[in-house]
Amino acid sequence: MHVGCQPRHAGCISVGRNLTPADRTLMAATAKLPDYAASLTQYHRAFGRELRRAVRAVPLPAGARVLDVPCGDGFYAAALARRLYPFGKVVAADLSDAYLDLAREEVGRWGRLAAVEFVPADAYRLPFPADEFHVVWCARSLISLDRPVDALREMRRVVKPGGVVAVLEDDEYHRVMVNWPVGLELDLQRAVAEATRERYGSRAGLSPARRVRRWLLEAGLRPGRRMTFSADRPAPFDGPTRAYLELHLKETREFVAPHLPADRLAEFDRAIDPAGEGSVFRRPDAEVTCLTTLFLGAK
Ligand SMILES: C[S@@+](CC[C@H](N)C(=O)[O-])C[C@H]1O[C@@H](n2cnc3c(N)ncnc32)[C@H](O)[C@@H]1O
């Protein structure tokens, strides 16, 4: 959940591990990045294999020109450029200079990639001519873009006729699923719904995947295939999964705490305490499944 409720301290990037060069870059940039930055990058580290599978599912003609907007930390721009190599081009665009710097770093870490250009851009007024790109890729940003249909219309404008706008989005109620006791799960979902309504004015505020198809239609795009990608991780969790879960569950705890009965909150605290005997981090039968969905809209 990228709810912007995470405190601005980069120390959480490296929970229980030594700092990698990538951690240091992220820490340096964190002051200028949104509060969700550490959790977002850790999500890419934990589920990179499955997210790259989503990138591979996008129809990309050889030598294609692809726009990744907003590109964030560059994870998808690198994956797209790796797929296109040696021909074609990726334009990575974002409103945030700090994110564009991070994206340059990320792309620079990969070896054989198609050309990547970094462009500061507002998703509502893209600095590109009409019909410029074969594909526009837009990942997990329709919450940040509070006028999603206007943004999708602008993406449609810059896609060639016959091209595709590819949207990767989540539904908060089915995004990170842990095999909690059922009673805890139900109360957590209710608490997420209440907290979301309070912050976003609607219980669906963190579930853009429920509305992407309608938004594509309203933007004048023809909805095509919808593909959901799952990442299954059983205990003991690998380092990146564990680090991501620690961040995600801490954020979730801050978000839902005012909406959980005291006994449930205490149960949740025990369940997410990294050092706790029966917590998800120590239980040998713990399992987590992460879902994200790719929507294709044709021009
Ligand atoms: C949740 S992040 C997702 C980034 C990336 N697509 C990913 O999945 O990692 C949202 C991104 O939207 C960018 N953003 C917010 N408003 C924007 C705007 N009007 N135009 C372009 N980028 C914007 C932020 O800087 C941030 O990089």
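All values reported here derive from a predicted model rather than from experimental measurement.

## A look at the site of the ligand
In the vicinity of the ligand, 20 residues are found, and the nearest of them are Pro70, Asp94, Asp122, Ala123 and Ala139. A distance of 2.8 Å separates a nitrogen atom of the ligand from a polar backbone atom of Ala123. Residue composition of the shell around the ligand, grouped by class: twelve nonpolar, five polar and three charged.

## Some remarks on the pattern of salt bridges
Going through the model one piece at a time under the given rule, you end up with 23 salt bridges. Salt-bridge contacts for Asp150 lead to Arg153; the nearest nitrogen and oxygen are separated by 3.2 Å. With Asp150 and Arg153 both in helix H5 (residues 148-158), this residue pair falls three residues apart, about one helical turn. The partly exposed category is assigned to Asp150, whose relative accessible area is 30%. Where Asp171 meets Arg210, a salt bridge forms, and the shortest distance between an N and an O atom there is 2.6 Å. With Asp171 in the loop between strand E5 (159-169) and strand E6 (176-178) and Arg210 in the loop between helix H6 (182-200) and helix H7 (212-218), this residue pair connects regions lying 39 residues apart in the sequence. For Asp171, a relative accessible area of 12% puts it in the buried group. When salt bridges with common partners are traced through the structure, they connect Arg49, Glu50, Arg233 and Asp238 into a single cluster.

## A closer look at the layout of surface pockets
The space that makes up the largest pocket amounts to roughly 720 Å³. In terms of lining residues, the largest pocket is bounded by 35 residues, among which Tyr36, Pro70, Arg140, Ser141 and Ser144 are the most central. Of the residues that constitute the lining of the largest pocket, the class distribution is 18 nonpolar, seven polar and ten charged.

## Focus: the nonpolar core
Core analysis: the largest hydrophobic core is formed by 67 residues, its most contacted members being Tyr76, Trp137, Trp180 and Leu294. The element contributing the most residues to this core is helix H3 (residues 75-84), with eight residues. Leaving out residues up to four positions away in the same chain, Leu294 has contacts with Ala54, Ala57, Val58, Trp137, Ala166, Val167, Leu168, Arg225, Arg226, Met227 and Phe229. In this structure, Val69, Val119, Leu126 and Leu142 belong to the second largest nonpolar core, which totals 30 residues.

## Describing the packing of helix H2 (residues 37-56) against helix H8 (residues 239-256)
Look at H2 against H8: their axes get within 8 Å of each other, and the N-to-C directions meet at 145°. As H2 packs across H8, the resulting crossing turns out to be left-handed. Seen from H2, the contacting residues are Ala38, Ser39, Gln42, Tyr43, Arg45, Ala46 and Phe47; seen from H8, they are Pro240, Thr241, Ala243, Tyr244, Leu247 and Glu251. Class assignment of the residues belonging to the contact of H2 with H8 gives a composition of eight nonpolar, three polar and two charged.

## Some words on empty space enclosed by the protein
Per the counting criterion, the structure on display carries three cavities of 30 Å³ or more. Roughly 210 Å³ of volume is contained in the largest cavity. Along the wall of the largest cavity there are 15 residues; nearest its centre are Val176, Trp180, Leu188, His248 and Thr252. Going through the elements one at a time, E6, H6 and H8 are the ones with two or more residues in the lining of the largest cavity. Taken together, the residues of the lining of the largest cavity sort by class into ten nonpolar, three polar and two charged.

Rules behind the numbers
- Residues numbered from 1 in each chain as written.
- Predicted model: local features only at pLDDT ≥ 70, side-chain atom pairs only at ≥ 80, totals over all residues.
- Heavy atoms only, no water.
- Near = heavy atom within 4 Å.
- Polar contact = N/O pair within 3.5 Å; in protein donor to acceptor, adjacent residues only side chain to side chain.
- Nonpolar A, V, L, I, M, F, W, Y, C, P; charged D, E, K, R; others polar.
- Salt bridge = Lys/Arg side-chain N within 4 Å of Asp/Glu carboxyl O.
- Helix = DSSP H or I, 4+ residues; strand = E, 2+ residues; numbered from the N terminus.
- Buried < 20%, exposed > 50% of the residue type's maximum accessible area, 1.4 Å probe, protein only.
- 1 Å grid on protein atoms, 1.4 Å probe; cavity = no way out; pocket = protein on both sides within 12 Å on 5 of 7 lines; lining within 4 Å.
- Points joined across faces, edges and corners; volume = space filled by probe spheres on them.
- Core = buried A, V, L, I, M, F, W, Y, C linked by side-chain atoms within 4.5 Å.
- Contact = heavy atoms within 4.5 Å.
- Axes fitted to C-alpha atoms, helices over the stretch in contact; angles between N-to-C directions.
- Left-handed = near helix turned anticlockwise from the far one by under 90°.

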